[in-house]
Amino acid sequence: MGRLFGTDGVRGVANVDLTSELALQIGRAAAMVLLKESKSSKPTVLIGKDTRASGDMLEAALTAGLCSVGCNVLSVGIVPTPAVAYLVDKYGCEAGVMISASHNPCEYNGIKIFQGNGYKLDDALENEIEAIILDNAEEIPTLTGGEVGNRLYCKTAVSDYVKHVVSTTDVRFDGLSIALDCANGSASVCAKEIFTSLGAKCLMLSDTPDGTNINDKCGSTHPEELMRFVKDASLDLGLAFDGDADRMLAVDENGELVDGDKVIAICSKKMKDEGKLAKNTAVVTVMSNMGFFKFCEENDISCAKTAVGDRYVLERMLKDGYNIGGEQSGHVIFLDYATTGDGELSGVQLLEAVVKSGKKLSELAKIMKVYPQVLINVEVTPEGKQKYNNDEYIISAVQQAEMELMGEGRVLVRVSGTEPLIRVMLEGSDLEQITVLGNKIADVVRNRLS
């Protein structure tokens with residue numbers, strides 16, 4: 001992990017950690033790096049954003065930084081993160097930037113950079129940008145007159161992205177009644193159009209963003225209202241997206257949650273049955289439920305495990321030629337259609353599985369048994385995050401818990417890549433036992449690192 005860039009770009013509280021001054025610097029440094037990589041004398045950088053109030057401020061600063069060093073900027077407005085990844089290639093831009101903090105509260109924001117091929121910026125280029133900003137590794141030129149870049153506006157971004165997502169299926173959803181929870185975020189501009197154009201009747205939740213209500217008691221991080229709504233309205237299912245719509249969790253007709261692990265299980269089984277599962281393998285992270293690994297064993301599907309973070313899932317998929325992977329949180333990558341996680345595309349693929357099977361989502365979800373899981377997020381200091389790996393008291397607490405589980409569960413304690421947190425996760429057949437053990441470890445982490 002870099003000094004500015006975490007596992008998913010630069011993030012922080014907008015106007016405190018992620019200031020307009022820093023956004024300006026990132027724009028200028030990114031332009032320097034892009035100009036070296038580009039064959040064009042004036043590379044074009046596409047910029048999208050979610051619905052946070054701070055998005056305009058950061059976009060203006062980024063645009064100023066990019067233009068001041070000779071890049072043009074194509075502003076596409078409010079779009080999902082996967083739309084930026086798709087459109088940067090479609091429009092022939094040298095790079096793309098998404099301004100979003102994904103599932104985090106509205107006071108946070110972030111800057112995520114994509115290469116011209118739609119994949120996230122690689123570590124080497126991120127390091128170059130950091131060195132220019134933090135170490136003054138290169139002198140940034142002062143341009144004048146026609147040398148500076150221009151800002152352009154694109155009005156077709158949303159419609160072009162909608163057409164792309166719709167094109168990933170040849171199945172109609174006529175007769176399905178579904179609810180869409182847009183988290184008052186990016187999905188608000190396109191989710192209804194995607195699913196209604198495929199024939200579904202859509203009832204909308206949290207699709208009226210006001211700049212401050214993104215992810216507020218809604219979306220994939222807070223699906224409780226959607227779960228109640230789907231059941232009370234007797235709908236076929238519901239889909240919940242996060243703030244930038246790169247994640248999706250589903251809700252079956254009984255109001256029960258269908259998480260990312262189950263979505264990957266359902267879709268990978270369908271892909272295998274159709275002969276479309278590349279190398280008969282699905283890629284997940286170490287945080288996936290034990291039940292997913294047992295599902296793979298029972299269905300003769302190979303399972304590749306990675307560190308937590310969709311970038312690591314994608315790296316493994318590209319390296320070994322796999323075409324489906326993701327996270328329990330709902331970040332699912334269908335590499336045949338997208339270069340990053342895409343919540344709405346995932347929803348389309350899940351509905352295709354439902355229609356083709358002729359079964360209810362609850363029945364499809366039984367393909368995988370979920371083992372009880374406890375996840376405790378412990379807030380720690382920045383210094384605490386650095387000390388975690390070498391703290392003998394925490395190591396001892398984890399070892400003690402593993403001994404008590406006696407092979408009938410597992411313990412995973414890790415540092416969050418995007419927040420000041422240590423995540424304590426336990427799984428096992430006995431919920432009461434893993435809850436007690438999880439709280440013991442969390443208390444040690446809190447006492448040692450907070």
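Residues numbered from 1 in each chain as written. Predicted model: local features only at pLDDT ≥ 70, side-chain atom pairs only at ≥ 80, totals over all residues. Heavy atoms only, no water.

Enquirer: Describe the overall build of the protein, naming the residues involved and giving the relevant values.
Expert: Scanning the protein from terminus to terminus reveals 15 helices and 18 strands. Rg of the C-alpha trace for the protein: 22 Å, near the compact-globule value of 22 Å for 450 residues, within the 12% margin. Summarising its shape, the C-alpha atoms of the protein cover approximately 70 × 60 × 40 Å along the three principal directions. Going through the 450 residues of the protein one by one, you find that 58% of them count as buried. Summarising the internal contacts of the protein: among those between residues at least 6 apart in sequence, 71% fall at separations of at least 24. Counting only carbon and sulfur atoms, one obtains 48% of the accessible surface of the protein, whose full area is about 18,400 Å². Charge-centre separation for the protein: the mean point of 45 positive side chains lies 3 Å from the mean point of 65 negative side chains. (Helix = DSSP H or I, 4+ residues; strand = E, 2+ residues; numbered from the N terminus. Rg over C-alpha atoms; globule rule 2.2 N^0.38 Å. Buried < 20%, exposed > 50% of the residue type's maximum accessible area, 1.4 Å probe, protein only. Contact = heavy atoms within 4.5 Å. Areas by Shrake-Rupley, 256 points an atom, 1.4 Å probe, with all protein chains shown as cover. Lys, Arg positive; Asp, Glu negative; His and termini not counted. Charge placed at Lys NZ, Arg CZ, Asp CG, Glu CD.)

Enquirer: Before we move on, can you summarise the side chain of aspartate 259 with the specific residues and values?
Expert: Tracing the backbone through its elements, the reader meets aspartate 259 in the loop between strand E11 (257-258) and helix H8 (260-273). A polar atom in the side chain of aspartate 259 sits 3.1 Å from the backbone nitrogen of lysine 262. Not counting residues up to four positions away in its chain, the partners in contact with aspartate 259 are Leu249 and Gln328. (Polar contact = N/O pair within 3.5 Å; in protein donor to acceptor, adjacent residues only side chain to side chain.)

Enquirer: Quick rundown of the packing of aromatic side chains? Include the residues and the values.
Expert: Geometrically, a pair of aromatic rings is defined through the distance of the ring centres and the angle of the planes. Going through the model one piece at a time under the given rule, you end up with two aromatic pairs. Ring plane angle 50° and centroid distance 5.6 Å describe the contact between phenylalanine 292 and phenylalanine 295, whose orientation is recorded as tilted. With phenylalanine 292 and phenylalanine 295 both in helix H9 (residues 290-298), this residue pair falls three residues apart, about one helical turn. Joined through ring pairs, the aromatic side chains of Phe292, Phe293 and Phe295 make up one cluster. The ring centre of phenylalanine 293 lies 4.3 Å from the NZ or CZ of lysine 305, which sits over that ring. (Phe/Tyr/Trp six-rings, centres within 6.5 Å; stacked < 30°, edge-to-face > 60°. Lys NZ or Arg CZ within 6 Å of the ring centre and 35° of its normal.)

Enquirer: Could you give an account of unusual backbone geometry, naming the residues involved and the relevant values?
Expert: Phi is positive for asparagine 136, which is not a glycine, with a value near 50°. Within the secondary structure, asparagine 136 is located in the loop between helix H4 (123-135) and strand E6 (151-153). Look at serine 234: it is not a glycine, yet its phi comes out positive at around 55°. Mapped onto the elements of the fold, serine 234 is located in the loop between helix H7 (224-232) and strand E9 (237-241). Taking relative accessible area as the criterion, serine 234 reaches 63% and is therefore assigned exposed.

Enquirer: I'd like a rundown of the packing of helix H1 (residues 20-37) against H4, residues and numbers included.
Expert: When two helices pack together, you describe them by how their axes are tilted relative to each other and by the distance separating the axes. Contact geometry of H1 with H4 gives a least axis separation of 9 Å together with a crossing angle of 125°. Considering their axes alone, H1 and H4 lie oblique with respect to each other. Every pair of crossing elements has a handedness; the one defined by H1 and H4 is right-handed. Where H1 abuts H4, its residues Leu22, Gln25, Ile26, Ala29, Ala30, Met32, Val33, Lys36 and Glu37 lie against Leu125, Glu128, Ile129, Ile132 and Ile133. (Axes fitted to C-alpha atoms, helices over the stretch in contact; angles between N-to-C directions. Parallel < 35°, antiparallel > 145°, perpendicular 65-115°, else oblique. Left-handed = near helix turned anticlockwise from the far one by under 90°.)

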